[in-house]
Amino acid sequence: MTLIFILKGQVVPCSMYRYPSPRFKRWRDDVGKQMLKYHLPKKPLIDLCRLTMVCTHEDARARDADNLQKAVQHILEHMHIIKNDKQIVQWEGQVNLPPCRKLAGVTIKLETL
């Protein structure tokens, strides 16, 4: 099974010091509403998965790719698309350059293995 989501808005990275931060909660709620427009699985996936994500940022600041990946994994778990973020055993991330405020967002592709 392959699921693809195209979500608007700057990805808010997870902070290990204060999870979930108020800013992350707002982003999670906004992205969750966007995901409801897609045909979500009736039950969470239980198979191992591969995650591919392509981010477009609003600005040229450096970001930690690992924290962006964690944010996407948390939203997939929060929306009951996967049962546990430990199911994602392969991931690939890419950042589109140059940054663009109008196109900021993330494209997520989730494939079962």
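Everything that follows concerns the structure shown earlier in this document.
Being a predicted model, the structure only gives us computed values, none of them experimental.

**Student:** What should I look at first to understand unusual backbone geometry in this one?
**Tutor:** If a residue is not glycine, its phi is most likely negative; likewise, a peptide bond is most likely trans. Although it is not a glycine, His80 adopts a positive phi angle of roughly 60 degrees. With respect to the secondary-structure elements, His80 resides in the loop between helix H2 (65-78) and strand S3 (88-96).

**Student:** Got a minute to help me understand the packing of aromatic side chains in this structure?
**Tutor:** Within a pair of aromatic rings, the relevant descriptors are the distance that separates the centres and the angle that separates the planes. Applying the stated criterion to the full structure yields 2 aromatic pairs. Considering the side-chain rings of Phe5 and Tyr38, the 5.2 Å spacing of their centres and the 80 degrees angle between planes classify their relative orientation as edge-to-face. In this pair, Phe5 is assigned in strand S1 (residues 2-8) and Tyr38 in the loop between helix H1 (22-35) and strand S2 (49-56), connecting sequence segments 33 residues apart. On the numbers, 5.6 Å between centres and 45 degrees between planes, the contact of Phe24 with Trp27 is tilted. Separated by 3 residues within a single helix, Phe24 and Trp27 lie in helix H1, roughly one turn from each other. The class for Phe24 is buried, based on a relative accessible area of 1%.

**Student:** Explain the pattern of salt bridges here, please?
**Tutor:** Any two side chains of opposite charge can pair, on the condition that their charged atoms come close. The full count for this structure, using the stated rule, is 5 salt bridges. Between Arg101 and Glu58 there is a salt bridge; the shortest N-O distance is 3.7 Å. A residue pair is termed long-range when its members are at least 10 positions apart, and Arg101 in the loop between S3 and strand S4 (105-112) and Glu58 in the loop between S2 and H2 qualify at 43 residues. Accessibility expressed as a relative area gives 61% for Arg101, which makes it exposed. Under the relative-accessibility criterion, Glu58 is labelled partly exposed at 31%. Here Lys70 makes a salt bridge to Asp66, at a shortest N to O gap of 3.3 Å. Placement of the pair is Lys70 and Asp66 together in helix H2, with a separation of 4 residues, close to one helical turn. Given a relative accessible area of 30%, Lys70 falls into the partly exposed group.

How each quantity is defined
- Residues numbered from 1 in each chain as written.
- Predicted model: local features only at pLDDT ≥ 70, side-chain atom pairs only at ≥ 80, totals over all residues.
- Heavy atoms only, no water.
- Helix = DSSP H or I, 4+ residues; strand = E, 2+ residues; numbered from the N terminus.
- Phe/Tyr/Trp six-rings, centres within 6.5 Å; stacked < 30°, edge-to-face > 60°.
- Buried < 20%, exposed > 50% of the residue type's maximum accessible area, 1.4 Å probe, protein only.
- Salt bridge = Lys/Arg side-chain N within 4 Å of Asp/Glu carboxyl O.

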